[in-house]
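Residues per chain, in single letters:
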Amino acid sequence: MNYRHAFHAGNFADVVKHVCLVALLRGLSRKDSPWLYLDTHAGAGRYDLRSPPAQKTGEYRAGIELVRKATGSLPPALTDYLEVLGALTDTAAQQHDHYPGSPLLAAALARPQDRLVACELNPLEHAALDECLRGRQRCTVARQDGYQALAAYLPPRERRGLALIDPPYEDPREFTRLAKALIDAHRRFATGCYALWYPLKDEGPLAGLKRQLKTAGLRRLLTVELRLTPLPQGGILHGCGVLVMNPPWGFADQLRDALPVLARILAPDSGTAAVDWLVPE
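Residues numbered from 1 in each chain as written. Predicted model: local features only at pLDDT ≥ 70, side-chain atom pairs only at ≥ 80, totals over all residues. Heavy atoms only, no water.

This part covers the overall build of the protein. Secondary structure assignment for the protein yields eleven helices and ten strands. Taken against the 2.2 N^0.38 rule, which gives 19 Å for 281 residues, the C-alpha radius of gyration of the protein at 17 Å falls within 12% of a compact globule. Over its C-alpha atoms, taken along the principal directions, the protein stretches across nearly 45 × 45 × 35 Å. Residues classed as buried in the protein amount to 54% of the 281 residues present. Partitioning the intrachain contacts of the protein with sequence separation of at least 6 by distance along the chain shows that 78% fall at a separation of at least 24. Counting every atom, the protein has about 12600 Å² of accessible surface; 52% of that belongs to carbon and sulfur. Here the protein holds 34 positive side-chain charges and 30 negative ones, and the gap between their average locations is 5 Å. (Helix = DSSP H or I, 4+ residues; strand = E, 2+ residues; numbered from the N terminus. Rg over C-alpha atoms; globule rule 2.2 N^0.38 Å. Buried < 20%, exposed > 50% of the residue type's maximum accessible area, 1.4 Å probe, protein only. Contact = heavy atoms within 4.5 Å. Areas by Shrake-Rupley, 256 points an atom, 1.4 Å probe, with all protein chains shown as cover. Lys, Arg positive; Asp, Glu negative; His and termini not counted. Charge placed at Lys NZ, Arg CZ, Asp CG, Glu CD.)

So, about the nonpolar core. In this structure, Leu-25, Tyr-37, Leu-162, Phe-251, Leu-255 and Leu-262 are the most contacted members of the largest nonpolar core, which totals 99 residues. Looking at this core element by element, the count peaks at twelve residues for helix α1 (residues 12-28). Leaving out residues up to four positions away in the same chain, Leu-262 has contacts with Val-15, Val-16, Val-67, Leu-78 and Leu-226. (Core = buried A, V, L, I, M, F, W, Y, C linked by side-chain atoms within 4.5 Å.)

Summed over the entire model, instances satisfying the criterion amount to zero disulfides. Cys-132 carries a free sulfur, and the closest cysteine sulfur to it, the one in Cys-139, is 9.4 Å from it. There is no disulfide at Cys-240, and the cysteine sulfur nearest it, in Cys-20, is 8.3 Å away. (Disulfide = S-S within 2.5 Å.)

Residue position: Asp-80 is located in helix α4 (residues 76-87). Note on Asp-80: relative accessible area 17%, which makes it buried. The contact partners of Asp-80, leaving out residues within four places of it in the chain, are Val-22 and Arg-26.

Here the focus is the packing of aromatic side chains. Tallying each qualifying case throughout the model produces three aromatic pairs. Residues Tyr-169 and Phe-175 carry aromatic rings whose centres are separated by 5.3 Å and whose planes lie at 45° to one another, so their mutual orientation is tilted. Of the two residues examined, Tyr-169 and Phe-175, each falls in the buried class. On the basis of an interplanar angle of 65° and a centroid distance of 6.5 Å, the ring pair of Phe-189 and Tyr-194 is categorised as edge-to-face. Neither Phe-189 nor Tyr-194 differs from the other in exposure class; each is buried. By way of ring pairs, the aromatic residues Tyr-169, Phe-175 and Trp-197 are connected into one cluster. (Phe/Tyr/Trp six-rings, centres within 6.5 Å; stacked < 30°, edge-to-face > 60°.)

Right, dumping it as C-alpha coordinates:
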(Lines give C-alpha, C1' and ligand atoms only; values in the text may rest on other atoms or scores of the structure.)
Protein backbone atom coordinates (compact mmCIF):
# COMPACT_ATOMS: atom_id res chain seq x y z
CA MET A 1 0.00 0.00 0.00
CA ASN A 2 2.95 2.38 0.55
CA TYR A 3 4.74 1.65 -2.73
CA ARG A 4 4.60 4.40 -5.37
CA HIS A 5 5.93 3.38 -8.75
CA ALA A 6 6.33 7.01 -9.88
CA PHE A 7 9.80 6.96 -8.26
CA HIS A 8 10.86 4.03 -10.45
CA ALA A 9 8.91 4.46 -13.71
CA GLY A 10 10.93 3.75 -16.83
CA ASN A 11 13.84 2.21 -14.95
CA PHE A 12 15.74 -0.85 -16.15
CA ALA A 13 13.28 -3.19 -14.42
CA ASP A 14 10.32 -1.60 -16.20
CA VAL A 15 12.10 -2.02 -19.52
CA VAL A 16 12.72 -5.75 -18.92
CA LYS A 17 9.16 -6.32 -17.73
CA HIS A 18 7.57 -4.45 -20.60
CA VAL A 19 9.71 -5.98 -23.34
CA CYS A 20 8.44 -9.33 -22.05
CA LEU A 21 4.85 -8.07 -21.82
CA VAL A 22 4.74 -6.80 -25.40
CA ALA A 23 6.22 -10.06 -26.72
CA LEU A 24 3.77 -12.17 -24.69
CA LEU A 25 0.70 -10.29 -25.88
CA ARG A 26 1.93 -10.36 -29.47
CA GLY A 27 2.27 -14.12 -29.10
CA LEU A 28 -1.27 -14.51 -27.76
CA SER A 29 -2.59 -12.37 -30.61
CA ARG A 30 -1.32 -14.74 -33.28
CA LYS A 31 -4.64 -16.55 -32.87
CA ASP A 32 -7.87 -14.72 -33.63
CA SER A 33 -9.63 -15.98 -30.50
CA PRO A 34 -9.89 -13.41 -27.67
CA TRP A 35 -7.74 -13.23 -24.58
CA LEU A 36 -8.03 -11.74 -21.10
CA TYR A 37 -5.21 -9.63 -19.70
CA LEU A 38 -5.22 -9.50 -15.90
CA ASP A 39 -2.87 -7.02 -14.19
CA THR A 40 -2.82 -7.82 -10.48
CA HIS A 41 -0.79 -4.80 -9.28
CA ALA A 42 -1.43 -2.32 -12.05
CA GLY A 43 -0.19 1.01 -10.66
CA ALA A 44 -1.19 4.39 -12.07
CA GLY A 45 -1.20 3.54 -15.77
CA ARG A 46 0.99 6.41 -16.96
CA TYR A 47 3.87 8.28 -15.34
CA ASP A 48 5.21 11.79 -15.84
CA LEU A 49 8.99 11.59 -15.95
CA ARG A 50 9.18 15.32 -15.23
CA SER A 51 7.38 14.86 -11.90
CA PRO A 52 9.25 15.37 -8.58
CA PRO A 53 9.28 11.60 -7.73
CA ALA A 54 10.79 10.65 -11.10
CA GLN A 55 13.26 13.51 -11.00
CA LYS A 56 14.25 12.69 -7.42
CA THR A 57 15.54 9.24 -8.32
CA GLY A 58 16.28 9.73 -12.03
CA GLU A 59 16.05 5.98 -12.51
CA TYR A 60 14.53 6.34 -15.98
CA ARG A 61 17.81 7.84 -17.20
CA ALA A 62 19.49 4.45 -16.66
CA GLY A 63 16.52 2.63 -18.20
CA ILE A 64 14.24 3.74 -21.00
CA GLU A 65 16.38 6.78 -21.81
CA LEU A 66 19.37 4.54 -22.60
CA VAL A 67 17.23 2.25 -24.78
CA ARG A 68 15.83 5.17 -26.75
CA LYS A 69 19.35 6.48 -27.36
CA ALA A 70 20.69 3.09 -28.49
CA THR A 71 22.22 3.11 -31.94
CA GLY A 72 22.43 0.41 -34.56
CA SER A 73 20.04 -2.39 -35.39
CA LEU A 74 17.94 -3.73 -32.53
CA PRO A 75 16.34 -7.18 -32.19
CA PRO A 76 12.64 -7.36 -33.17
CA ALA A 77 11.39 -7.61 -29.57
CA LEU A 78 13.13 -4.34 -28.62
CA THR A 79 12.03 -2.59 -31.81
CA ASP A 80 8.43 -3.64 -31.26
CA TYR A 81 8.54 -2.44 -27.65
CA LEU A 82 9.82 0.99 -28.67
CA GLU A 83 7.22 1.27 -31.43
CA VAL A 84 4.41 0.53 -28.99
CA LEU A 85 5.75 3.21 -26.64
CA GLY A 86 5.89 5.69 -29.49
CA ALA A 87 2.33 4.96 -30.55
CA LEU A 88 1.07 5.95 -27.09
CA THR A 89 2.29 9.55 -27.39
CA ASP A 90 1.34 12.32 -29.80
CA THR A 91 4.75 13.92 -30.23
CA ALA A 92 8.39 12.95 -29.99
CA ALA A 93 8.80 15.27 -27.01
CA GLN A 94 6.03 13.48 -25.11
CA GLN A 95 7.83 10.17 -25.59
CA HIS A 96 10.62 11.48 -23.38
CA ASP A 97 8.30 13.10 -20.84
CA HIS A 98 5.97 10.19 -20.12
CA TYR A 99 6.22 6.46 -19.59
CA PRO A 100 3.27 4.02 -19.77
CA GLY A 101 2.58 1.39 -17.15
CA SER A 102 1.78 -2.20 -18.03
CA PRO A 103 -2.04 -1.75 -18.21
CA LEU A 104 -1.72 1.06 -20.75
CA LEU A 105 0.69 -1.01 -22.84
CA ALA A 106 -1.75 -3.92 -22.77
CA ALA A 107 -4.64 -1.65 -23.72
CA ALA A 108 -2.64 -0.42 -26.72
CA LEU A 109 -2.07 -4.01 -27.87
CA ALA A 110 -5.61 -5.29 -27.22
CA ARG A 111 -7.84 -6.06 -30.19
CA PRO A 112 -11.62 -5.39 -30.19
CA GLN A 113 -12.33 -8.94 -28.98
CA ASP A 114 -9.85 -8.85 -26.08
CA ARG A 115 -10.57 -7.83 -22.48
CA LEU A 116 -8.49 -6.17 -19.75
CA VAL A 117 -8.83 -6.17 -15.98
CA ALA A 118 -6.44 -3.91 -14.06
CA CYS A 119 -6.37 -4.12 -10.26
CA GLU A 120 -4.87 -1.54 -7.92
CA LEU A 121 -5.47 -1.25 -4.18
CA ASN A 122 -3.71 2.06 -3.44
CA PRO A 123 -6.45 4.74 -3.65
CA LEU A 124 -4.29 7.40 -5.32
CA GLU A 125 -2.87 4.96 -7.85
CA HIS A 126 -6.33 3.53 -8.49
CA ALA A 127 -7.79 6.97 -9.22
CA ALA A 128 -4.97 7.74 -11.67
CA LEU A 129 -5.38 4.35 -13.35
CA ASP A 130 -9.12 4.84 -13.72
CA GLU A 131 -8.53 8.20 -15.39
CA CYS A 132 -5.83 6.75 -17.64
CA LEU A 133 -7.99 3.91 -18.98
CA ARG A 134 -11.31 5.77 -19.04
CA GLY A 135 -13.11 5.46 -22.35
CA ARG A 136 -11.18 2.42 -23.50
CA GLN A 137 -13.44 -0.43 -24.51
CA ARG A 138 -13.50 -3.70 -22.59
CA CYS A 139 -11.26 -2.34 -19.79
CA THR A 140 -12.18 -2.84 -16.14
CA VAL A 141 -10.35 -0.98 -13.38
CA ALA A 142 -10.87 -2.66 -10.01
CA ARG A 143 -9.81 -1.48 -6.57
CA GLN A 144 -9.03 -4.99 -5.48
CA ASP A 145 -6.25 -7.05 -3.94
CA GLY A 146 -4.24 -8.61 -6.73
CA TYR A 147 -4.06 -12.06 -5.18
CA GLN A 148 -7.83 -12.10 -4.72
CA ALA A 149 -8.18 -11.05 -8.35
CA LEU A 150 -6.43 -14.21 -9.52
CA ALA A 151 -9.16 -16.23 -7.82
CA ALA A 152 -11.95 -13.91 -8.95
CA TYR A 153 -11.15 -13.66 -12.68
CA LEU A 154 -9.55 -17.01 -13.49
CA PRO A 155 -10.41 -19.05 -15.42
CA PRO A 156 -11.63 -16.41 -17.88
CA ARG A 157 -14.60 -16.88 -20.16
CA GLU A 158 -12.22 -16.34 -23.10
CA ARG A 159 -10.34 -19.54 -22.13
CA ARG A 160 -7.08 -17.78 -23.06
CA GLY A 161 -5.20 -15.15 -21.18
CA LEU A 162 -2.18 -13.62 -19.51
CA ALA A 163 -1.88 -12.63 -15.85
CA LEU A 164 0.92 -10.20 -15.00
CA ILE A 165 1.86 -10.40 -11.32
CA ASP A 166 4.14 -7.63 -10.07
CA PRO A 167 3.67 -6.98 -6.33
CA PRO A 168 5.70 -4.29 -4.53
CA TYR A 169 7.74 -6.81 -2.49
CA GLU A 170 7.32 -4.77 0.69
CA ASP A 171 6.14 -7.82 2.65
CA PRO A 172 8.90 -10.31 3.62
CA ARG A 173 6.37 -13.10 3.02
CA GLU A 174 5.79 -12.03 -0.59
CA PHE A 175 7.58 -14.96 -2.22
CA THR A 176 5.61 -17.43 -0.10
CA ARG A 177 2.35 -15.75 -1.13
CA LEU A 178 3.44 -15.79 -4.76
CA ALA A 179 4.15 -19.50 -4.76
CA LYS A 180 0.73 -20.32 -3.30
CA ALA A 181 -1.02 -17.89 -5.66
CA LEU A 182 0.62 -19.35 -8.77
CA ILE A 183 -0.04 -22.93 -7.73
CA ASP A 184 -3.69 -22.16 -6.94
CA ALA A 185 -4.14 -20.20 -10.18
CA HIS A 186 -2.65 -23.07 -12.17
CA ARG A 187 -5.17 -25.47 -10.64
CA ARG A 188 -8.01 -23.30 -11.89
CA PHE A 189 -6.53 -22.27 -15.23
CA ALA A 190 -3.72 -24.64 -16.16
CA THR A 191 -3.40 -23.48 -19.78
CA GLY A 192 -3.15 -19.79 -18.92
CA CYS A 193 0.00 -17.74 -19.37
CA TYR A 194 1.44 -16.15 -16.22
CA ALA A 195 4.25 -13.59 -15.99
CA LEU A 196 5.75 -12.94 -12.56
CA TRP A 197 8.21 -10.06 -12.23
CA TYR A 198 10.74 -10.34 -9.39
CA PRO A 199 13.72 -8.38 -8.08
CA LEU A 200 17.20 -9.81 -7.84
CA LYS A 201 18.49 -8.84 -4.39
CA ASP A 202 18.71 -11.52 -1.74
CA GLU A 203 18.14 -14.55 -3.91
CA GLY A 204 17.37 -17.03 -1.13
CA PRO A 205 13.59 -16.37 -1.14
CA LEU A 206 13.57 -16.50 -4.95
CA ALA A 207 15.27 -19.90 -4.90
CA GLY A 208 12.59 -21.05 -2.47
CA LEU A 209 9.83 -19.87 -4.83
CA LYS A 210 11.35 -21.70 -7.77
CA ARG A 211 11.75 -24.86 -5.68
CA GLN A 212 8.11 -24.75 -4.55
CA LEU A 213 6.84 -24.37 -8.11
CA LYS A 214 8.93 -27.29 -9.33
CA THR A 215 7.86 -29.46 -6.39
CA ALA A 216 4.21 -28.67 -7.14
CA GLY A 217 4.63 -30.19 -10.58
CA LEU A 218 4.22 -27.01 -12.62
CA ARG A 219 5.72 -27.24 -16.08
CA ARG A 220 6.70 -24.91 -18.92
CA LEU A 221 8.38 -22.45 -16.55
CA LEU A 222 10.80 -20.06 -18.23
CA THR A 223 13.01 -17.55 -16.44
CA VAL A 224 14.12 -14.32 -18.10
CA GLU A 225 16.80 -12.58 -16.04
CA LEU A 226 18.96 -9.50 -16.54
CA ARG A 227 21.71 -8.50 -14.13
CA LEU A 228 23.41 -5.13 -14.12
CA THR A 229 26.28 -6.59 -12.11
CA PRO A 230 27.42 -10.22 -12.13
CA LEU A 231 27.24 -10.81 -8.36
CA PRO A 232 24.82 -9.82 -5.58
CA GLN A 233 25.81 -6.55 -3.97
CA GLY A 234 24.79 -6.87 -0.33
CA GLY A 235 21.04 -6.83 -0.80
CA ILE A 236 21.07 -3.99 -3.36
CA LEU A 237 18.86 -4.45 -6.42
CA HIS A 238 21.31 -5.66 -9.03
CA GLY A 239 18.91 -7.10 -11.58
CA CYS A 240 15.45 -8.44 -12.15
CA GLY A 241 13.65 -11.30 -13.78
CA VAL A 242 10.34 -12.45 -15.19
CA LEU A 243 9.18 -15.99 -14.59
CA VAL A 244 6.80 -17.02 -17.36
CA MET A 245 4.53 -20.03 -17.16
CA ASN A 246 3.18 -21.34 -20.48
CA PRO A 247 4.88 -18.77 -22.76
CA PRO A 248 3.55 -18.54 -26.33
CA TRP A 249 5.44 -20.26 -29.11
CA GLY A 250 8.59 -18.37 -30.08
CA PHE A 251 8.74 -16.19 -26.95
CA ALA A 252 11.86 -17.84 -25.54
CA ASP A 253 13.77 -17.42 -28.80
CA GLN A 254 12.71 -13.78 -29.08
CA LEU A 255 14.02 -13.01 -25.61
CA ARG A 256 17.24 -14.94 -26.18
CA ASP A 257 17.89 -12.56 -29.07
CA ALA A 258 16.79 -9.39 -27.29
CA LEU A 259 17.98 -9.69 -23.71
CA PRO A 260 21.77 -9.83 -24.28
CA VAL A 261 21.47 -6.70 -26.43
CA LEU A 262 19.41 -5.02 -23.72
CA ALA A 263 22.00 -5.96 -21.10
CA ARG A 264 24.75 -4.33 -23.18
CA ILE A 265 22.66 -1.17 -23.55
CA LEU A 266 21.82 -0.89 -19.85
CA ALA A 267 25.17 -2.00 -18.41
CA PRO A 268 27.85 -2.09 -21.13
CA ASP A 269 30.68 -3.25 -18.86
CA SER A 270 28.94 -5.68 -16.53
CA GLY A 271 25.43 -6.58 -17.77
CA THR A 272 24.50 -10.22 -18.27
CA ALA A 273 21.35 -11.93 -19.48
CA ALA A 274 19.92 -15.43 -19.24
CA VAL A 275 16.79 -17.03 -20.64
CA ASP A 276 16.46 -20.57 -19.30
CA TRP A 277 13.83 -23.23 -18.72
CA LEU A 278 13.34 -23.77 -15.03
CA VAL A 279 11.02 -26.64 -15.96
CA PRO A 280 10.63 -27.53 -19.65
CA GLU A 281 7.67 -29.06 -21.47
